[in-house]
Amino acid sequence: MQLSSLIRHITYESVQGSQEPEITGICYHSAKVTKGSLFVCIKGLRSDGHEYVEAAVAAGAAAVVSEIPVNAGDATVIRVADSRKALAELSAAFFDYPARKMKMIGITGTKGKTTTAFLTAGILREAGYRTGVIGTIWIDTGREILSSMHTTPEALELQEYLARMVENGCDCCVMEVSSQGIKMQRTAGLWFDIGVFLNIEPDHIGAGEHASFSEYLNCKRRLMQQCSIGIVNQDDPNVNRILFGHTCEVESFSMKYPSGLMSEEEAFYMIQGKLYSCFHIRRADKCFTVQMQLPGKFNIYNALAAVAVAFHFQVTEGQIERAMRRQMIPGRCENVSPSERYVLLIDYAHNEMSLKNLLETLRMFQPGRLIVLFGCGGNRSPLRRSRMGETAGLLADFTVLTSDNPRWEDPEQILDEIEEGIKGTRGSYVRITDRQEAVRYVMEQAREEDIIVLAGKGHEPYQEIRGKKYPMSDHELVDAAAASLQENQRRGE
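(A) Examining the pattern of salt bridges more closely. On inspection of all chains with the given rule, the structure shows 26 salt bridges. The partner of Lys356 in a salt bridge is Glu360, with the nearest N and O atoms 2.8 Å apart. Of this pair, Lys356 and Glu360 both sit in helix α11 (residues 352-363), separated by 4 residues, roughly a single helical turn. A salt bridge links Arg385 to Glu409; its shortest N-O distance comes to 2.6 Å. You can see Arg385 sitting in helix α12 (residues 382-395) and its partner Glu409 sitting in the loop between β20 (398-401) and α13 (411-423), a full 24 residues away along the chain. Here Arg385 falls in the buried class, since its relative accessible area comes to 1%. Taking relative accessible area as the criterion, Glu409 reaches 22% and is therefore assigned partly exposed.

(B) The arrangement of the packing of aromatic side chains in detail. Applying the stated rule across the entire model yields 8 aromatic pairs. When the ring of Phe288 is compared with that of Phe311, the centres are 6.4 Å apart and the planes differ by 80 degrees; the resulting orientation is edge-to-face. Placement of the pair is Phe288 in strand β16 (residues 286-292) and Phe311 in the loop between α9 (297-310) and α10 (317-326), with a sequence separation of 23 residues. Judged by its relative accessible area of 5%, Phe288 falls in the buried class. With a relative accessible area of 19%, Phe311 lands in the buried category. The cationic tip of Lys457 hangs over the ring face of Tyr462; the distance from NZ or CZ to the ring centre is 5.2 Å. A cation over a ring is seen here: Lys469 above Tyr462, with NZ or CZ 4.3 Å from the ring centre.

Definitions and limits used
- Residue positions are given per chain, counting from 1 as you read along its sequence in written order.
- Reporting in this predicted model follows two pLDDT cut-offs: at least 70 for local features of residues, and 80 or more for side-chain atom pairs to be given and counted; totals over whole chains, interfaces and linings ignore these cut-offs and use all residues.
- Side-chain descriptors were evaluated using all non-hydrogen atoms of the structure, hydrogens and water having been removed beforehand.
- Should a side-chain nitrogen of Lys or Arg be within 4 Å of a carboxyl oxygen of Asp or Glu, the pair is scored as a salt bridge.
- The helix count covers DSSP runs of H or I at least four residues long, the strand count covers runs of E at least two residues long, and both are numbered beginning at the N terminus.
- Think of it in three bands: residues with accessible area under 20% of the maximum for their type are buried, residues over 50% are exposed, and the middle band is partly exposed, with areas taken using a 1.4 Å probe on protein chains only.
- Any pair of Phe, Tyr and Trp rings, taking the six-membered ring for Trp, is counted once the centres come within 6.5 Å. Such a pair is stacked with planes under 30 degrees apart, edge-to-face with planes over 60 apart, and tilted for the rest.
- We count a charge as sitting over a ring when the NZ of a lysine or the CZ of an arginine lies within 6 Å of the ring centre and within 35 degrees of the ring normal.

Structure (structure tokens):
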């Protein structure tokens, strides 16, 4: 594709060189540049692409897109006001606008994006739609599963994934849309047929994220200006702020108020090591029953959002019921119990709000004991740690403090800061830094009707220490502990 054909889709100033070079690909990492590439200089948290222009040109870049003056030798230089936005628009054009060839569903919210995306995709697939998924856990292009680095991928990769979905015959794409993805222009130029707002609470505020809750909310709100139909949680206290300035047709769902889609008669119960949520869904004059292995009211909200989306497709109530009944979400209240005596869950809850919601939800099942195992990630706000410790101490019967992803911090220091929060609650706890030992400990101590939740890591298959990711997942730790305990029982120990 000629450069001139690409840049006609953006606002730019031609600084030097011809607009006729043949562009073979787009890059924003100089190490990935090949002959004929268009190199787009974007600023990251740790480095600035403008500093790598000479390396990119030496590697064969035919043209450079920048925000500031750069030394690009004989390469063509295109100046733009916002190179991240330009990257998104150029990438969409390079891949021939794949989003326009599918039904696009974007889901945003502080919590519940992943679960709602999986539920939505599950229903659509049950109804026969080939559906791709882009989100926190993985990228499903319709024929292949790829690893995910960000909830919302960088614009270039995002457009490539969408193009693969089109090639694979996908009818729909269900996509998690993070506030960071919106802020960093990764979704610039994308139009969603349906945008979903789940909820918003203070989170992701701090260095490298959002400067304030107001900025966080404003980023979320932009989805309602980037879709044809907006489906919103009517019960969220900030829903009117999210809808301020919206340009879409608005629909709503609720558990509390009269709405286009509502839940009624919610019930929660535990049977033989499994947790169930059962509820009626009412839409206009129709009512049907849904049962799922996802506990709690917050998951009913997620289910309502998914059903609200599904009703814009040729989907029957029976297909909804079947999809909901069997859907499990990796690392999201995922039941991995090796025994019917107790419940053992893996969940991604990794901040005060999500841990609080999770533990309050599990209390509704009236467990023999509610036990939580968790740690906190390094290079994150220390305040989060003490608050999570306090939350666990107040809501759980017993807490096991352990290591999460310490990153560049000392794991013991992180645990000290969690411990400061739990000490003030008088909650019972033990500290076992090694996560494998900690998992074995809680399984060894499990009693009849206990609910145990391994929180924090969810679907992650690694532990990050000093800049390196070592293979480790809570699923594997549970399997290893179960095998070890069974062997001990066999030996009579």
